[in-house]
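For reference, the chains in residue letters:
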Amino acid sequence: MGQPFVHLHVHSEYSLADGLVRIPGLVEQVGSLDMPAVAVTDLTNLFSAAKFYRAAMAKGVKPIVGADVVVRDDDNSAPYQLVLLCQNEAGFRNLSALISRAYRQRSNSGVVSVPRAWLDRETATGLIALSGGSSGDLGSLVTRRNSRLLQQKIKEWQDVFDDRYYVEIWRLGNADEDLFIDAAVDAASVCKVPVVATNNVRFLRREDFEAHEARVCIHEGRTLADPRRPRAYTEQQYLCSADDMSQRFSDLPEALQNTVSIAVRCNLDLEFGSYHLPEFPLADGASVETTLRQKTNIGLKDRFESGAIVVANDEGRSEAAYLARMERELAVIEEMGFAGYFLIVADFIEWAKANGVAVGPGRGSGAGSLAAFALGITELDPLLYDLLFERFLNPERVSMPDFDIDFCMDRRDEVIEYVAERYGREKVAQIITYGTMAAKAVVRDVGRVLGFPYGFVDQLAKLIPFDPNM
């Protein structure tokens, strides 16, 4: 029976070209290996955090959220890697802030880095750091055979992370690996810093190595047979068992035990289902509910007077019907706490129209709201077309209301800038999308990296039936 072990350095498919691991498969594999916890540490991103957290909790596996961060000492220095794991909510917020700041200020040709100066005792609160193995800053010092500088660097990190800094080691079959481990372990011993073993995981099973190499080649525009291409990975970087790791580190059992200790220290609780909206600026003494009622009443009156609403004598579209519908909608909006949301959306749409930015009339379920029509968010009378408000907002199905709004693509950025300036840049984000490779594209790209002639690969791809779900 091997010593207990927890994987603390795993790149998922959200590391894009640097990992093949899919979240459901990862959690399933960890469970089958009887491991109590696992960390996902994607390359300078937290894209998978919510999906990973939910999947792990559902399977009874403790999720450890983190990131493999690219760090630079200064603009001219070579980058190195540092693994940061969230110990608690404070750590998650600090890591999110570091990465977000890096994407805004330090993104260069797709490479996002964190300046070393950003990491101090305050920003490191709630974070556990692994040194990054031979890819970390200690690795470059080992190759220079400078034990004094190695110890000095470790002490510098200790000043930032206190007892939350670990010297990371791995055995993947790389050149000069033993040299690094010997020097790193000696320096850690002198500095009284614990060592921790990881496997720098990139794929689930050993046999997935060739598929991972093909993906790397697709990203780099190389072929598998290219003798000049860098071989940055080995077939050892799979999600191996605790027994496998016990055999690899039989001489350093404390490095395995420390993986479990770190897992025990990490206790992050993520909250889902609560909405945190910016505050709409209000007049003194006013509430969002009364402000919304005032604006919808004025807006509905304007719609009547302008002829945008044509009242019919039947009960369905009488003035009383409109007033009753408005009261019913406002009661639901207030009950669900979305009065401020309606006001914010109406505000930036009003600004766009006032500044000549073309805005669509509204589509999707939001067009079923009379309140939205009165506020100028949409330009469709929902009673005229028998549109249901309940499809947009329903107390029995609590979910965030979602207005589908179209702005002129040439001036959309101006609207985003207005919202950021008015409500705070830290409260505005754009939704990321992830592109996946469809079957035909995969065949073409894999055929290219395997060295097959383009014409042959193209003909082969045409034989693949169309799948609308790909």
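Predicted model only: the values in this text are computed from it and were never measured.

Next up on the list: the state of the cysteines. Applying the stated criterion across every chain, the model contains zero disulfides. Lacking any disulfide linkage, C266 is separated from the closest cysteine sulfur, that of C86, by 7.8 Å. Judged by its relative accessible area of 1%, C266 falls in the buried class.

Contact geometry for helix α10 (residues 288-306) and helix α12 (residues 339-354): axes closest at 8 Å, N-to-C directions at 50 degrees. Between α10 and α12, the interaxial angle falls into the category oblique. Judged by the sense of rotation from one axis to the other, the crossing of α10 with α12 is left-handed. Counted together, V288, E289, T291, L292 and K295 of α10 and A339, G340, F342 and L343 of α12 form the full contact between these two elements.

Bringing the packing of aromatic side chains into the picture now. A full pass over the atoms with the stated rule returns 18 aromatic pairs. Centre to centre, the rings of W157 and F161 are 6.0 Å apart; their planes meet at 35 degrees, and the pair counts as tilted. Of this pair, W157 and F161 both sit in helix α5 (residues 147-161), separated by four residues, roughly a single helical turn. Connected via pairs of aromatic rings, a cluster forms that spans Y275, F338, Y341, F342, F389, F392 and F403. Here the basic side chain of R101 rests over the ring of W118, its NZ or CZ set 3.8 Å away from the ring centre. Above the plane of the ring of W157 lies R116, whose end atom (NZ or CZ) is 4.3 Å from the centre.

Conventions used here
Chains are numbered independently. Their residues run from 1 in the order of the written sequence. Only residues with pLDDT of at least 70 get local features here, since the model is predicted, and only at 80 or more are side-chain atom pairs given and counted; chain-wide, interface and lining totals rely on the full set of residues. Note: side-chain values were computed over all heavy atoms of the structure, leaving out hydrogens and water. In this description, a disulfide is simply a cysteine sulfur pair whose atoms lie within 2.5 Å. Three exposure classes are used, based on accessible area relative to the maximum for each residue type with a 1.4 Å probe and protein chains only: buried under 20%, partly exposed in between, and exposed over 50%. With axes taken as lines fitted to C-alpha atoms, and helix axes fitted only over the stretch in contact, angles between N-to-C directions fall between 0 and 180 degrees. Secondary structure elements follow DSSP: runs of H or I of four or more residues count as helices, runs of E of two or more count as strands, with numbering from the N terminus. Each angle gets one of four labels, with under 35 degrees taken as roughly parallel, over 145 as roughly antiparallel, 65 to 115 as roughly perpendicular, and the rest as oblique. Crossing chirality is assigned from the near helix's rotation relative to the far helix, an anticlockwise turn below a right angle marking it left-handed and a clockwise turn marking it right-handed. The contact rule is simple, with two residues in contact once any of their heavy atoms fall within 4.5 Å. Note on ring pairs: Phe, Tyr and Trp rings are taken, using the six-membered ring of Trp, and paired if centres are within 6.5 Å. Classes follow the plane angle, with under 30 degrees stacked, over 60 edge-to-face and the rest tilted. Two thresholds decide whether a charge sits over a ring: the Lys NZ or Arg CZ must be within 6 Å of the ring centre and within 35 degrees of the ring normal.

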